[in-house]
Amino acid sequence: MLIANGTWVETDFFVFLWDDDGGSARYREELEVLEKEILRTGIAKLYFSANKLEFCLPQRTPAGNWKGARQRALPRVRVDGFLIPTYFVGHFLLNFSSERDGWLPFAWGESLHYWRQAELFALELLARGRVAPRFSVPVLLWQPVLSLADDARRFQYLADAMPPVCLAGVDELGGVNLDAKQRLLNFLIQVTDGAVRNVMHESLPDAFRRLRQKQDSMTADMSWLRSLLVLSPWTFPIQESEWSSISSKLDHWLQRAEGDLAQTSLDGKADVLDVQAMRLCLRLQEPLAEGAKWQLEFLLQARDDPSLLFTAEQVWRGDVLASGFRVERGQEILLRELGRVYRLMPELGESLKTARPSGVALDTEAAFAFLTNTSRVLAPLGIGLILPAWWTQKGRRRLSVKLKVKTSKAGAKGAAHSRFGLDQLLEFDARAVIGDEEIDLAELEYLVQQKMPLIQVRGEWMEVRPDELEQVVRFLRKGGSGASTLGSLLRTGAEKAGTNEIPNVAVTDIEWPKSMRALFGVATKGESERGVSDERELPHGLRAELRPYQQRGFEWLSTMGEMGFGVCLADDMGLGKTLQTLAVLLDRKWCQQDALPVLILCPTSLVTNWQRESARFTPDLRVMVHYGSARLQGDEFHQAARAADVVVTTYPLLVRDEVTLTAVRWGVVVLDEAQNIKNSESKQARTAYRLQAERRVALTGTPVENRLSELWSLYHFLNPGYLGTHSEFHTRFAVPIEREKDANRTSVLHSLVAPFLLRRLKTDPRIIHDLPDKIEMKQFCALTREQVSLYEATVQDMIAQIEQADGIQRRGLVLSSLTKLKQICNHPAHYLQDGSAWEGRSGKLQRLFELYEDIREAGEAVLVFTQYVEMGEILARALAETFGEMPLFLHGSVKKTARDAMVERFQAPDGPRAFILSLKAGGVGLTLTRANHVIHFDRWWNPAVENQATDRAFRIGQKKNVKVHKMICQGTLEDRIDQLIESKKELAEQVVATGETWLTEMPTGELRELFALRSDVFAEEVVL
């Protein structure tokens, strides 16, 4: 098994993968998965880099010990991994864990668990102010102060517990540095120094401004003080003779500061804990015998070490604990804090009347009130609480219901794939469970008689609501059985919210019959575990060899369709969705006689692709194209369609020929680029809903582009009614997820859609074997003076108009102004649209020429994407006049035949090196694998659309690494929006994306800040 570990390399943190048996450590594919997960925690890719390092690693012996952990010489190993700078290590350790990401192909190693605990220790010291500047000549570093006895003991404990793998590395002598204490101290120093400097940077802006003066005008004292406030440690140039003076002053200051916090000895036996270091703590203990009362104990607790506790009896006696501590003036804080709690909890009254109160007895109802209400009020007031473990633990035991679904009549006839369908009625039996244990009716009836909110079941306490308990008893008395549709049961399993018969009780689990268990029992665990895995033979006549993941997709599409479910194949672009679908259609042709025809709807640009792919891979399929002015209508169309196996037509014709197409009963309707029906109110979507079909399939690389309503529209086509009405979906999912970021609603929605969606990514280790690498680079460009002038004038004019507008008019002004700013960043002639000269006026065009020059010299080809036809024309003219080669230019006005000719010409070995494409016309449906460079000249603010364009080159058939260049004018709106694109990409990968209306809704002040041109972008005129 692969283990993720970490160690220090100089001042950076090195994360690498290692076999638990000490084997080879070259795991590039798994590291790519690790890279993706590290990025998902929020660490910008700019701040870590892949590396191959050579150093010594301790290895395990067969007995499980570390071989060579105490030796000076070990074999050197070359290891793949990532260097993470110090200032991002804490973010990585605290936000990335194997517990949360358990599906990863490696485990979270003991070294990373260790460094995480060390990170928490450093942050705790910082929170308590136990830091001070120390010399590490010739720089000053903020370092932890470990003079308190407890801190020193904890440091020693951590050092002794350091796993040997944390010592991996090579020292100056060529061996392993075995000083665990020194390595731990170096780690704490690096973490502390970075954390303090970040705090200083955020909280002391005035001090920074005062100290931002020329270095040569600073005194030595000012210089070393400035070195403590800047973000990174730096060497300050002072005379060697001045070191002693500064050192003396610093030592004197530290001695005084430490003297104020120092612990003094009492009788040489115990350290005194000041009253300010302690707080009141209340501990609730369950009854030890039936009929006994709950005990609420009074204690004092150390604020910085919750494990250090004094009972009230110890405080009254002035005891010294076994740990060597005692509390001074503890009686004072105990009485004062109990008086404060008494105002909120009158039950303490009788106890406070005694001379030495130590606790109070509570009945079950009072204990329940303390757990549910009082404790929630006391915690924010700084009162420590120790509650029963069963109450505080996550997912504590609750009464719930488990449903056992019986095999349906449809599933019992022996057919390999009976048609279930979401409307299939299924019978079920219900059983009451508490935790993982089933509870019979007699025991439930006894619990009902208790009429208590807290009850003890089989030796363990739990919370129960009497009304829920009575409802379950009534249901079980009636036999505990019922019936529901498959769709309803799937929703119940996802929501965990009960059935119609027991609406207020949670359903913890649904036990499916064996024939359905693989489909629904593990549907949320990912494609690799999803069922319906008939190992079907490929159909006769298929002229292609499917890759393993394509074979899996073929089996899944075939089986799900035969069971009567509408499904979405959402593989990344370029992974062969068309081939998998054609294999399914050919299999259907040979398995069914007199089968109804198949209708394929696609964008106009893909009609030829379906024709050619079918002729290439499935020549036995009779394909009819419904397109052009001479296309058939009415009865003639119906007869021709019944004589064909597959009919291919376009989304625009779906609306125009609605009467003709909706009158036919189709065996299968396939929506290619199914995002074309993402707007449920569009004519295309409404017409698609009305198509008559036994099976429905959607193909798309982007099931959600901007809003969750797009997902509803897709599923309303595939399985009508499954996600409820559009209004219900908006209330139950869209609002909680998009506005409130509700993780629970996100999880429920994922559980609902997962059984009917198969998505594979190119970054998946199981897929990446078949694909080349994709390297993304950001190309930052300077504006010319002309661009700067136009940009600033446009911003000023825009803000002036927006301040005077509101409502729809304001939103329109914002969007139009955004377009103008992007055009200015492209080229002044694009913004002015005056047909003026292109030479010497655009920094972005100059950078494009530089990139293209390198591409030509390497003998490679490039795709250049732009959103604007006008800019495409400028690019075509500029490249032709500069390099003497006319590039191809594809835009929306190009006819289908001309488009096909362009693709063939570019794909030819001697074709043009540059292909300019407008994003809307060339962003989908084209295979242009001759290009291994993609340039996004102007950025599209939807990551899914931009990735689709990139996938014209980055797809199966590509033999080279693909380099993606994203051009950004520095200091402009493009620069600032880049970070927002990255955050939106993360949401899209979670199948929850947000819209872009935030731009039009921004306050004017924020718009001004977003659009303002930074002063450092001015550049000399570009010479082209």
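Everything in this summary refers to the structure shown in the same document.

Reading the values: the criteria
Residues numbered from 1 in each chain as written. Predicted model: local features only at pLDDT ≥ 70, side-chain atom pairs only at ≥ 80, totals over all residues. Heavy atoms only, no water. Patch = residues over 30% accessible without salt bridge, like charges linked within 9 Å, V, L, I, M, F, W, Y side chains within 5 Å. Areas by Shrake-Rupley, 256 points an atom, 1.4 Å probe, with all protein chains shown as cover. Salt bridge = Lys/Arg side-chain N within 4 Å of Asp/Glu carboxyl O. Helix = DSSP H or I, 4+ residues; strand = E, 2+ residues; numbered from the N terminus. Buried < 20%, exposed > 50% of the residue type's maximum accessible area, 1.4 Å probe, protein only. Pairing = 2+ DSSP bridges. Contact = heavy atoms within 4.5 Å. Axes fitted to C-alpha atoms, helices over the stretch in contact; angles between N-to-C directions. Phe/Tyr/Trp six-rings, centres within 6.5 Å; stacked < 30°, edge-to-face > 60°. Parallel < 35°, antiparallel > 145°, perpendicular 65-115°, else oblique. Left-handed = near helix turned anticlockwise from the far one by under 90°. Nonpolar A, V, L, I, M, F, W, Y, C, P; charged D, E, K, R; others polar. Right-handed = clockwise from strand over helix to strand, strands pointing away.

## So, a nonpolar patch on the surface
1) Next: Together, L94, L120 and L123 make up an exposed nonpolar region whose accessible area comes to about 190 Å².
2) Next: For L123, the location among the structural elements is in helix α3 (residues 110-127).
3) Next: Taking relative accessible area as the criterion, L123 reaches 30% and is therefore assigned partly exposed.

## What to know about the sheet that holds strand β26 (residues 598-602)
1) Next: Spatially, seven strands are ordered β27-β28-β26-β29-β30-β25-β31 in an open sheet, and the strand pairing comes out parallel. Either end of the sheet is taken by a strand with one partner, and the two such strands are β27 (623-625) and β31 (757-758).
2) Next: Bridge count between β26 and strand β29 (residues 665-672): four bridges; the pairing is parallel. Note on β29: the bridge partner recorded for V598 is V668.
3) Next: Packed onto the sheet, helix α25 (residues 709-718) meets β25 (567-569), β29, β30 (692-699) and β31 and runs at close to 145 degrees relative to β30.

## A closer look at the packing of aromatic side chains
One pair of aromatic rings is described through two measures. These are the centre distance and the angle between the planes.
1) Next: Applying the stated criterion to the full structure yields twelve aromatic pairs.
2) Next: For the ring pair W115 and F187, a centre distance of 4.8 Å and an interplane angle of 35 degrees mean the geometry is tilted. In this pair, W115 sits in helix α3 while F187 sits in helix α5 (residues 180-203), placing the two residues 72 residues apart along the sequence. Judged on exposure class, the residue W115 and its partner F187 are both buried.
3) Next: Here the aromatic rings of Y852 and F883 are separated by 4.9 Å at their centres, their planes lie at 75 degrees, and the arrangement is edge-to-face. With Y852 in helix α32 (residues 843-857) and F883 in helix α33 (residues 869-883), the pair connects residues that are 31 residues apart, well separated along the chain.

## Section: the packing of helix α18 (residues 548-562) against helix α19 (residues 577-591)
1) Next: Closest axis-to-axis distance for the α18/α19 pair is 9 Å, and the angle between their directions is 45 degrees. On the basis of their axis angle, the class for α18 and α19 is oblique. As for how α18 packs across α19, the hand of that crossing is right-handed. Contact residues: α18 offers Y549, Q550, G553, F554, L557 and S558, while α19 offers L579, Q580, T581, A583, V584 and D587.
2) Next: For the contact of α18 with α19, a count of residues per class yields six nonpolar, five polar and one charged.

## Describing unusual backbone geometry
Glycine aside, the phi torsion of most residues is negative, and most peptide linkages are trans.
1) Next: Even without being a glycine, E673 presents a positive backbone phi close to 50 degrees.
2) Next: Mapped onto the elements, E673 comes out in the loop between β29 and α24 (683-689).
3) Next: The class for E673 is buried, based on a relative accessible area of 4%.
4) Next: Even without glycine at this site, Q833 takes up a positive phi of about 50 degrees.

## So, the pairing of β30
1) Next: The buried count for β30 comes to six of eight residues, which makes it a mostly enclosed element.
2) Next: The pairing of β25 with β30 spans three bridges and is parallel. Bridge assignment links L569 to a residue of β30, and that residue is L699.
3) Next: Where β29 meets β30, seven bridges bridge the pair, whose relative direction is parallel. Residue pairing for β30: W666 is matched across the bridge by A693.
4) Next: Traced from β29 through α24 to β30, the parallel crossover comes out right-handed.

## Description of the packing of helix α29 (residues 785-803) against helix α30 (residues 807-826)
For any two helices packed against each other, one specifies the crossing angle of their axes together with the interaxial distance.
1) Next: At their nearest, the axes of α29 and α30 sit 10 Å apart, and the two run at 175 degrees to each other. As far as their axial angle goes, α30 and α29 are roughly antiparallel. Here α29 contributes Q787, L790, Y791, T794, V795, M798, Q801 and I802 to the contact with α30, which in turn contributes R810, L813, V814, S817, K820, L821, I824, C825 and N826.
2) Next: Split by residue class, the contact of α29 with α30 holds ten nonpolar, five polar and two charged.

## Structural notes on the sheet that holds strand β36 (residues 933-936)
What links the strands of a sheet is backbone hydrogen bonding, and the strands pair in either a parallel or an antiparallel sense.
1) Next: Pairing in this open sheet of six strands is parallel, and the strands run β32-β37-β36-β33-β35-β34 from one edge to the other. At either end of the open sheet lies a strand with only one pairing partner, and these are β32 (774-781) and β34 (888-890). Strand-to-strand twist in this sheet, taken as the mean axis angle between neighbours without regard to direction, amounts to 20 degrees.
2) Next: As paired strands, β32 and strand β37 (residues 962-969) are joined by eight bridges and run parallel to one another. Residue pairing in the sheet places M777 in a bridge with H965 of β37.

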